[in-house]
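Take a look at the letters that make up each chain.
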Amino acid sequence: AQSKKEDLNSSDVEDDEEVEPFSSDEELDEEFQEAKKTAPSKPNWLKYTLWAVYFLFWATCYAIAIELKFGVVFLMFSALFGIYFNTRTTPKKRNEVSAYSVFNKDCKAIDGSIKAEQFENEIRHGFNSVR
């Protein structure tokens, strides 16, 4: 029991040690592609069957709620449940870029977002002025 406790206390990464951020987008993309290759995935038919079972269970519960005159209440709670569980409920990962540029290091915007400077330049000089 003592050796297990010692093993848990000694880890490969020290608490003081800082993790280096990715130096470029290419390294981040390579890490993502590698993780994607090693991640287990379910077959599509299993995923769709599971969603069908979830829907049938929800529809059955909704029908029961309608019979008990609580259909609207069930629908409202279902909507709140759906909103909560379809948004992130876990903390942001380290070095993860936010869609809101004010939360990123140096207020860096993500690729594909339009900035006020870009919009103003397009209005003044036309669409082809922006590259």
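Residues numbered from 1 in each chain as written. Predicted model: local features only at pLDDT ≥ 70, side-chain atom pairs only at ≥ 80, totals over all residues. Heavy atoms only, no water.

Looking at an unreviewed UniProt entry, one finds the protein named SAYSvFN domain-containing protein, with Megaselia scalaris as its source organism.

## Overview of the overall build of the protein
Broken down by element type, the protein carries five helices and zero strands. Moving toward the C terminus, one meets the helices and strands of the protein in the order α-α-α-α-α. Here the protein, with 131 residues, has 5% of them falling under the buried criterion. Pairs at least 24 residues apart make up 11% of the contacts formed inside the protein by residues separated by at least 6 positions. Summing over all exposed atoms, the protein offers an accessible surface of approximately 12900 Å²; the carbon and sulfur share of this is 60%. (Helix = DSSP H or I, 4+ residues; strand = E, 2+ residues; numbered from the N terminus. Buried < 20%, exposed > 50% of the residue type's maximum accessible area, 1.4 Å probe, protein only. Contact = heavy atoms within 4.5 Å. Areas by Shrake-Rupley, 256 points an atom, 1.4 Å probe, with all protein chains shown as cover.)

## Here's the deal with the layout of surface pockets
Counted as a void, the second largest pocket has a volume near 410 Å³. Considering the residues around the second largest pocket, the lining is formed by Trp-51, Tyr-54, Phe-55, Phe-57, Trp-58, Cys-61, Phe-74, Ser-78, Phe-81, Gly-82, Phe-85 and Asn-86. Counting only elements with at least two residues in the lining of the second largest pocket, the list comes to α3 (44-67) and α4 (71-85). When residues in the lining of the second largest pocket are grouped by element, the largest group, six residues, is from α3. (1 Å grid on protein atoms, 1.4 Å probe; cavity = no way out; pocket = protein on both sides within 12 Å on 5 of 7 lines; lining within 4 Å. Points joined across faces, edges and corners; volume = space filled by probe spheres on them.)

## Some words on the packing of aromatic side chains
According to the stated counting rule, one finds seven aromatic pairs in the structure shown. Taking the centre distance of 5.1 Å and the plane angle of 10° together, the rings of Trp-58 and Tyr-62 count as stacked. With Trp-58 and Tyr-62 both in helix α3, this residue pair falls four residues apart, about one helical turn. Its relative accessible area of 29% is what places Trp-58 among the partly exposed residues. Judged by its relative accessible area of 23%, Tyr-62 falls in the partly exposed class. (Phe/Tyr/Trp six-rings, centres within 6.5 Å; stacked < 30°, edge-to-face > 60°.)

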